[in-house]
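# Survey of secondary and tertiary structure
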Amino acid sequence: MGAIGITDRLIAEFADASTLLFASPGRLDRALPDNRSIVDLLIAAQQLFLHSLERRIRCRPILANDRSVLDYLVANMAHQPAEHVRVLYLNTKNELLGDEIVGWGSVNRVDISPREIIRRALDMAATSLLIAHNHPSGDPMPSASDVAITRDLFQAARLFEINLLDHIIVAQQGCYSFRAEGRL
């Protein structure tokens, strides 16, 4: 199959570049079953893209409204089929100390423990946190449990003089920032 045939097949399967860029290896294999080298190249491109976004946030202080942080979170989370929670642990200069996934869930919920997030922040000597989770449904609006966990985490962090910079919900239809909406 030539380049035009491969392109036509990818357009038919993925509709847009964003969906293609974040497709799972299994979905790429199903779309191009006889083109393992193309699948490998697409997976390498995904990894290169994610690595470049990660380098952008590791090289300078992170702010709650930083576009490069949103780009990084969207790239890593918006197309995931199940909810998961990621925490960016920051030092006093808001430089990244750690980026960890602290919970995996199902298509519509994930459980996290503020206690464990704070314990890890103390272990890393983090002074600020940025928490993010995804909504596979595509709708970034927070649920009642999202609001409750944000409140609980904010209060727990404050007891240990740790600043919760933001809680960002990432979805294919956009992002929701608790800080930008005045809820933090």
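Structure: see above.
The rules behind these values
- Residues numbered from 1 in each chain as written.
- Predicted model: local features only at pLDDT ≥ 70, side-chain atom pairs only at ≥ 80, totals over all residues.
- Heavy atoms only, no water.
- Helix = DSSP H or I, 4+ residues; strand = E, 2+ residues; numbered from the N terminus.
- Buried < 20%, exposed > 50% of the residue type's maximum accessible area, 1.4 Å probe, protein only.
- Areas by Shrake-Rupley, 256 points an atom, 1.4 Å probe, with all protein chains shown as cover.
- Lys, Arg positive; Asp, Glu negative; His and termini not counted.
- Charge placed at Lys NZ, Arg CZ, Asp CG, Glu CD.
- Expected span 1.5 Å × (residues − 1).
- Arc of directions from axis to C-beta.
- Pairing = 2+ DSSP bridges.
- Salt bridge = Lys/Arg side-chain N within 4 Å of Asp/Glu carboxyl O.
- Axes fitted to C-alpha atoms, helices over the stretch in contact; angles between N-to-C directions.
- Left-handed = near helix turned anticlockwise from the far one by under 90°.
- Contact = heavy atoms within 4.5 Å.
- Nonpolar A, V, L, I, M, F, W, Y, C, P; charged D, E, K, R; others polar.

## Focus on the overall build of the protein
Across its full length, the protein holds 7 helices and 5 strands. Going through the 184 residues of the protein one by one, you find that 44% of them count as buried. Looking at the protein as shown, the accessible area adds up to about 9,800 Å², and 54% of this sits on carbon and sulfur atoms. A gap of 4 Å separates the mean positions of the 19 positive and 22 negative side-chain charges of the protein.

## Focus: helix α1 (residues 3-14)
Taking 1.5 Å of rise per residue, the 12 residues of α1 would be expected to cover 16 Å, and the 16 Å separating its terminal C-alpha atoms lies within 8% of that figure. Of all the residues in α1, the buried ones are Ile6, Leu10 and Phe14. Around the axis of α1, the buried residues are gathered within 40 degrees of arc, so they sit on the same side. Residues of α1 that are exposed and point more than 90 degrees away from the buried face comprise Ile4, Ile11 and Ala12. Of the residues flanking the end of α1, it is alanine 15, one or two places downstream, whose phi is positive at about 70 degrees.

## Structural notes on the pairing of strand β4 (residues 163-171)
Across the 9 residues of β4, 8 count as buried, placing the element largely inside the fold. As judged from the 4 bridges shared by β4 and strand β5 (residues 174-177), these two strands associate in the antiparallel manner. The residue of β5 that forms the bridge with isoleucine 169 is tyrosine 176. Where β4 hands over to β5, the hairpin turn is made up of 2 residues, counted between the paired strands.

## Description of the pairing of strand β2 (residues 96-104)
Alignment of strand β1 (residues 84-90) against β2, held across 7 bridges, turns out to be antiparallel. If you follow histidine 84 over to β2, its bridge partner there is tryptophan 104. The loop that links β1 with its antiparallel partner β2 comprises 5 residues; one of these, asparagine 94, has a positive phi angle of about 60 degrees.

## Some words on the pattern of salt bridges
Should their charged atoms come close, side chains of opposite charge can pair. A complete count under the given rule lists 11 salt bridges for this structure. Two residues, arginine 27 and glutamate 13, come together in a salt bridge whose shortest N-O distance is 3.2 Å. With arginine 27 in helix α3 (residues 25-31) and glutamate 13 in helix α1, this residue pair connects regions lying 14 residues apart in the sequence. For arginine 27, a relative accessible area of 27% puts it in the partly exposed group.

## Remarks on the packing of helix α6 (residues 114-124) against helix α7 (residues 144-159)
Following both chains from N to C, one finds α6 and α7 inclined at 35 degrees, their axes separated by 10 Å at the closest point. The handedness of the crossing between α6 and α7 is right-handed. Residues Pro114, Ile117 and Ile118 of α6 lie in contact with α7, whose contacting residues are Ile149, Asp152, Leu153, Ala156 and Ala157. Grouping the amino acids of the contact of α6 with α7 by side-chain chemistry returns 7 nonpolar, no polar and 1 charged.

## Thoughts on unusual backbone geometry
One non-glycine residue, asparagine 94, lies in positive phi territory at about 60 degrees. Within the element layout of this structure, asparagine 94 appears in the loop between β1 and β2. A relative accessible area of 15% places asparagine 94 in the buried class. Within the chain, alanine 125 stands out as a residue other than glycine whose phi angle is a positive 60 degrees. Of note, alanine 125 is situated in the loop between α6 and β3 (128-134).

Without other data, these values stay purely geometric and don't point to any function.
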